[in-house]
Amino acid sequence: MCGIAGFNSSNPEYQGLDITKKMIERMPYRGPDQAGIKQYSQTTLGMARLSIIDAKTHVIPYEDPESRAAVVFNGEIYNHDEIRADLKSQYEFKTSSDAETILYGYLKKGLNLLDDLNGMYAVAIYDRDKDCTYVIRDKTGEKPVYYTQGKDFAAFASEMKCLLDLVEPRVNANALSYRAFEFCVGKETLFENIYQLEPGEYLVMKDGKISVHSYWKVWDHLIDVKDDVDQIRKDLAELIEDAILLRTKNCAHQYGCFISGGVDSALIASIAKPDLLYTCHYDMGPEFDELDYAKLVAKHIGGELIIVEPGPEDFTRVREKVAWHLDTPCTWTSFSLWMLLERAHKDLKVVLTGEGADEIFAGYHRYHLLHHDEQIHQLKAMSEYSYLIDKYYGSPSERYSKLVNRCDNVYDQEVIGYLNEMLAGYFNHGSKEAVHSMGLSDFYTTMQVLLQMSDRMCMAFSIENRSPYLDYRLVQYAFSLPAKYKIRDGITKWILKDVARKFVPKEIVDRIDKRGFSAPVNKWFGWDRHGKYNRGAYRRMVYEDWGRVFKLS
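Our subject in this report is the structure included herewith.

Cut-offs applied
- Residue numbering note: each chain is counted from 1, following its sequence as written.
- Predicted model: local features are reported for residues with pLDDT of at least 70 only, side-chain atom pairs are reported and counted for 80 or more only, and whole-chain, interface and lining totals are derived from all residues.
- Based on all heavy atoms of the structure, the side-chain values leave hydrogens and waters out of the count.
- Secondary structure elements follow DSSP: runs of H or I no shorter than four residues count as helices, runs of E no shorter than two count as strands, and numbering proceeds from the N terminus.
- As a reference, a globule follows 2.2 Å times the number of residues to the power 0.38, and the radius of gyration itself is taken over C-alpha atoms.
- Burial status follows relative accessibility: with a 1.4 Å probe on protein chains alone, a residue under 20% of its type maximum counts as buried, one over 50% as exposed, and anything between as partly exposed.
- Contacts are assigned to residue pairs that have any heavy atoms within 4.5 Å of one another.
- As used throughout, the charge tally considers Lys and Arg to be positive and Asp and Glu to be negative, leaving His and the chain termini uncounted.
- By convention, charge coordinates are those of NZ in Lys, CZ in Arg, CG in Asp, or CD in Glu.
- In this description, a nonpolar core means a group of buried Ala, Val, Leu, Ile, Met, Phe, Trp, Tyr and Cys residues linked to one another through side-chain atoms lying within 4.5 Å.
- Here a salt bridge means any side-chain nitrogen of Lys or Arg lying within 4 Å of a carboxyl oxygen belonging to Asp or Glu.
- The span one expects for a helix is its residue count, reduced by one, times 1.5 Å.
- Patches in this entry comprise residues that are over 30% relatively accessible and not in a salt bridge; like charges within 9 Å are linked, as are nonpolar side chains (Val, Leu, Ile, Met, Phe, Trp, Tyr) within 5 Å.
- We get accessible surface area from the Shrake-Rupley algorithm with a probe of 1.4 Å; when it comes to residues, only the shown protein chains can shield them.
- Think of a polar contact as two N or O atoms within 3.5 Å of one another; within protein, one of them needs to be a possible hydrogen donor and the other a possible acceptor, and neighboring residues in sequence only count if both atoms come from side chains.
- A pair of aromatic rings is counted whenever rings of Phe, Tyr or Trp (Trp by its six-membered ring) have centres within 6.5 Å, and the orientation is called stacked for planes under 30 degrees apart, edge-to-face for over 60 and tilted otherwise.
- For two strands to pair, DSSP has to find at least two bridges joining them.
- Every axis corresponds to a line fitted to the C-alpha atoms, with the helix fit spanning only the stretch in contact, and the corresponding angles, defined between N-to-C directions, vary from 0 to 180 degrees.
- The definition used for a disulfide is geometric: two cysteine sulfur atoms within 2.5 Å.
- Should an angle fall under 35 degrees it is taken as roughly parallel, and over 145 as roughly antiparallel, whereas 65 to 115 is taken as roughly perpendicular and any remaining angle as oblique.
- A clockwise turn of the near helix away from the far one marks a right-handed crossing, whereas an anticlockwise turn of less than a right angle marks a left-handed crossing.
- Residue polarity follows a fixed list, in which Ala, Val, Leu, Ile, Met, Phe, Trp, Tyr, Cys and Pro are nonpolar, Asp, Glu, Lys and Arg are charged, and the others, Gly among them, are polar.

### Digging into the overall build of the chain
Counting its regular elements, the chain contains 21 helices and 17 strands. At 23 Å, the chain has a C-alpha radius of gyration in line with the 24 Å of a compact globule built from 553 residues. With respect to the principal axes defined by its C-alpha atoms, the chain has extents near 70 × 55 × 50 Å. The buried share of the chain, reckoned over its 553 residues, is 61%. Partitioning the intrachain contacts of the chain with sequence separation of at least 6 by distance along the chain shows that 71% fall at a separation of at least 24. Computed over 69 positive and 81 negative side-chain charges, the inter-centroid distance for the chain is 1 Å.

As C-alpha cells, this is what we get:
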C-alpha cells in the first residue's frame, strides 16, 4: 500500500513539482518508507511508498532505461511473479517490486495488461510517446483514486484531502447519493469538484483535461458455471483457498486476521492460519458479544487471539482523527476498525479481512424479501399475474430501492427517482434473478463505502488490508453460478457456508445470530432511549465532525 498523486497541465506557470509534493506530504502515513516525485513534460507523478514485498530502497517513479514510461503505484499485484516470468526474457528487472512488473507489462501489452492483473491497485502510467498519463483503479474498487479538473489543469490523488489545495473546499450540496445512502457512491464525493474514479475504470490525463473510460465490470465478465452442486462445491473451495493463500504469499512480514466470529472471517483465518488474530469485544449484552465464537476460531487454528475492548472514552478520543482520515462523513462506524488497527500496528503490516462475501454470496438478511417475492412470481398459479404484481408493488429494482433508501424523507421524489434509475441499471445487468441483482447493486454501492473505510483506517496506521473475497476470479464465479445456491432453505450464503464446513467449526457455520461489525455508540450516548437504533444522531455527529476538521461552512 502506498499513496500516489499527479498533476497535469500545458500551462508552464504551474509548478507541478511543488503541487505534487504538497499532495504527497498530506498523506505521509500511506508511505512512511520512501517517497519520490518527478516531472515528465506536462505531467508530474509522485508516490509515498509502504514497502511490503521488497524492503529495499527504489528509484521512484519506476522507469525503464529508455524512459519510455514511468509508473507510480498503490496496492499489491498478487500474481506479479507469474506475469514477470513472461517478461524476463525481454526486460531486465532491477527490483522485486510488483510496480516494476506493471511498468514492463505495460511496455509489452499496453492497457491489455489490465486483463492479467489479480490484485488491488491504483496505478498511474506516464507514456512518453503519447505524452499522456493513464490512471487506473482496480477491478473491484479496493484502492481509491480521486481526481479534479480545473480550467487548464488536471490532478489525481489517493485521498480527497490531497486535492483541497487545488479546489475551494466546499460541500457538494447536489450529492444525491449522500441523501440516499448517507454516503457518496459512484463518481460523486461530498466535496464540490472532486470526483471518484469507479471500480474497473481508468482516466486519461493530457493537456490539462481528463477523460474517463471503463475496462472491467462484473456483468461483462461472467462465465459458464454448470448447475452441478458437487462441481460447484469443489470449484468454489479451490478458488477460495487459492485467493486466500495468494494473499499470504507476497508478504515479507508477519500478518494477521481480524475476526468477528462469523463464517467469512473464520474461513479466511482457518485457511490462512495467520500469525495473530484480533477481535473487538463490547461487554454490552448479547447483541454486541461474539467473543466466544472468536475464541473458538483461535482454538480451532491454534492461534493467538488479541482482544481489544474499547470504551466510550476511546470513541471521544479518536472521533476527529477518524473524520480526518475518512475524508467524508460516514454513518457506518469505523470506530471498531480503528481500535483494532491501533493495537495491531504494533505487531504487523498486513491484515486479512472478509469484505465482499456478503455482496457476492448474498449474506444480507434483507435479500430474503425480494427472494421471497421472486419465489411467488415463479408459482405456476401466479404466471398470469406478474404484470399486476409489478403494477401494484413496483418492479424488483423499485422494491429494492425502498429497502436501501436512507433518506430522512422517504417520500423525497428526487432521491426516489435517483435510486430507481441507478438500481434499475444494476438489475438489468444482474440477470433475471433478484439475488444476483441485489448483490450486484450492493457491490457497486454500499460495499464501496466499506472498502473506503477499510483503506483509510488501515492506511492511517500504515497497514495493508487484503480482502480475499474480492479476488476478481471469485467475484466472476459468484455472480455466474445459479442464484439458488446463494439463498437456500432460508439460509443466506448457503454455498459459501457449505464450502466452509470443510475448514470451519460447525458452531460457526450454523450460526443464525450473526451481527454487524459495530460499536454500541447508541447505548453509550443514550441515543436509543426508545429501544431503536437512532441513525440520525450518529449521522449528524459524523457530519459535524467532518465539517469541523475540514473547516467547511
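Now, onward.
### Quick notes on the nonpolar core
Counting 191 residues, the largest nonpolar core has I136, F156, F181, I240, L267, F361 and F443 as the members making the most contacts within it. Broken down by element, this core gets its largest block of residues, eight residues, from helix 16 (residues 446-460).

### Some thoughts on the pattern of salt bridges
Applying the stated criterion across every chain yields a total of 43 salt bridges. A salt bridge links D327 to K161; its shortest N-O distance comes to 2.7 Å. Taken together, the positions of D327 in the loop between helix 8 (312-326) and helix 9 (335-344) and K161 in the loop between strand 9 (154-157) and helix 4 (176-181) put the pair 166 residues apart, joining distant regions of the chain. Both residues of the pair, D327 and K161, belong to the buried class. Ionic contacts of the salt-bridge type, sharing partners, join the residues R30, K143, E159, K161, D327, D455 and R456 into one network.

### A look at helix 16
Residues that lie three or four places apart on an α-helix share one face, since the helix turns once every 3.6 residues. When the terminal C-alpha atoms of helix 16 are compared, their 22 Å separation across 15 residues agrees well with the 21 Å that a helix rising 1.5 Å per residue should span. Backbone geometry just downstream of helix 16 places S462 in the positive-phi region, at approximately 55 degrees.

### Quick notes on a nonpolar patch on the surface
Among the surface-exposed residues, Y385, Y387, L388, Y392 and Y393 lie close enough to one another that they form a single nonpolar patch of about 660 Å² accessible area. The topology assignment puts Y393 in helix 12 (residues 386-393). The class of Y393 is exposed, set by a relative accessible area of 57%.

### A word on the environment of D138
You can see D138 is positioned in the loop between strand 7 (132-137) and strand 8 (146-149). It is 30 Å that separates the C-alpha atoms of D138 and V318, two residues lying 180 residues apart in sequence. Setting aside anything within four residues of it in sequence, one finds D138 in contact with G119, M120, Y121, K143, P199, G200 and Y215. In terms of polar contacts, D138 uses its side chain to reach the backbone amide nitrogen of T140, at 3.1 Å.

### Quick look at the packing of aromatic side chains
Applying the stated criterion across every chain yields a total of 34 aromatic pairs. When the ring of F181 is compared with that of F183, the centres are 5.6 Å apart and the planes differ by 25 degrees; the resulting orientation is stacked. We note that F181, like F183, is buried. Between W324 and F550, the aromatic rings sit 5.2 Å apart at their centres with planes inclined by 20 degrees, giving stacked as the arrangement. Of the two residues, W324 sits in helix 8 while F550 sits in the segment after helix 21 (535-549), which places them 226 residues apart along the sequence. A residue is classified by how much of its surface remains accessible, and F550, at 7% relative accessible area, is buried. Through successive ring pairs, a cluster of aromatic residues spans Y178, F191, W324, Y543, W546 and F550.

### So, the environment of I136
Along the polypeptide, I136 turns up in strand 7. Note on I136: relative accessible area 0%, which makes it buried. Distance in space between the C-alpha atoms of I136 and V72 is 11 Å, their sequence separation being 64 residues. Not counting residues up to four positions away in its chain, the partners in contact with I136 are L111, L114, Y121, A122, V123, I125, V145, L197, E201, Y202 and Y215.

### Observations regarding the sheet that holds strand 17 (residues 464-466)
Hydrogen bonds between backbone atoms are what pair the strands of a sheet, whose relative direction is either parallel or antiparallel. Taking strand neighbours across the sheet as the criterion, the five strands line up as 15-14-13-16-17 in an open arrangement whose pairing is parallel. Sheet topology places strand 15 (304-308) and strand 17 at the edges, where each strand pairs with a single neighbour. Ignoring which end each strand starts from, the neighbouring axes of this sheet average 30 degrees apart. Summarising the sheet, strand 16 (residues 350-352) and strand 17 pair through three bridges and their orientation is parallel. If you follow V350 over to strand 17, its bridge partner there is E464. Against the sheet, helix 7 (residues 291-301) engages strand 14 (276-280) and strand 15, with an angle of about 160 degrees to strand 15. Those strands touched by helix 9 are strand 13 (255-258), strand 14 and strand 15, and its axis lies near 145 degrees from that of strand 14.

### Observations concerning the state of the cysteines
Inspection of every chain in the model, using the stated rule, returns zero disulfides. As a non-bridged cysteine, C330 has C184 as the owner of its nearest cysteine sulfur, 10 Å distant. Between C407, a free cysteine, and C184, which holds the nearest cysteine sulfur, the sulfur-to-sulfur gap is 13 Å. Among the residues examined, C407 registers a relative accessible area of 11% and is labelled buried.

### Side note on unusual backbone geometry
Cis geometry is found at the peptide bond from I60 to P61, where omega equals -5 degrees. As for its position among the elements, P61 is in the loop between strand 3 (43-49) and strand 4 (62-63). Although it is not a glycine, N193 adopts a positive phi angle of roughly 70 degrees. Structurally, N193 is set in the loop between helix 4 and strand 10 (195-196).

### Quick look at the packing of helix 8 against helix 21
Two quantities define a packed helix pair, namely the angle between the helix axes and the distance between the axes. Their axes nearest at 8 Å, the elements helix 8 and helix 21 cross at an angle of 60 degrees. The angle between helix 8 and helix 21 falls in the class oblique. Viewed along their axes, helix 8 and helix 21 form a crossing whose handedness is right-handed. Each of F315, R319, E320, A323 and W324 in helix 8 lies in contact with helix 21, whose residues at this interface are Y538, M541, D545, W546, R548 and V549. When its residues are assigned to classes, the contact of helix 8 with helix 21 shows seven nonpolar, no polar and four charged.

Everything listed here is a matter of geometry and, on its own, says nothing about what the molecule does.
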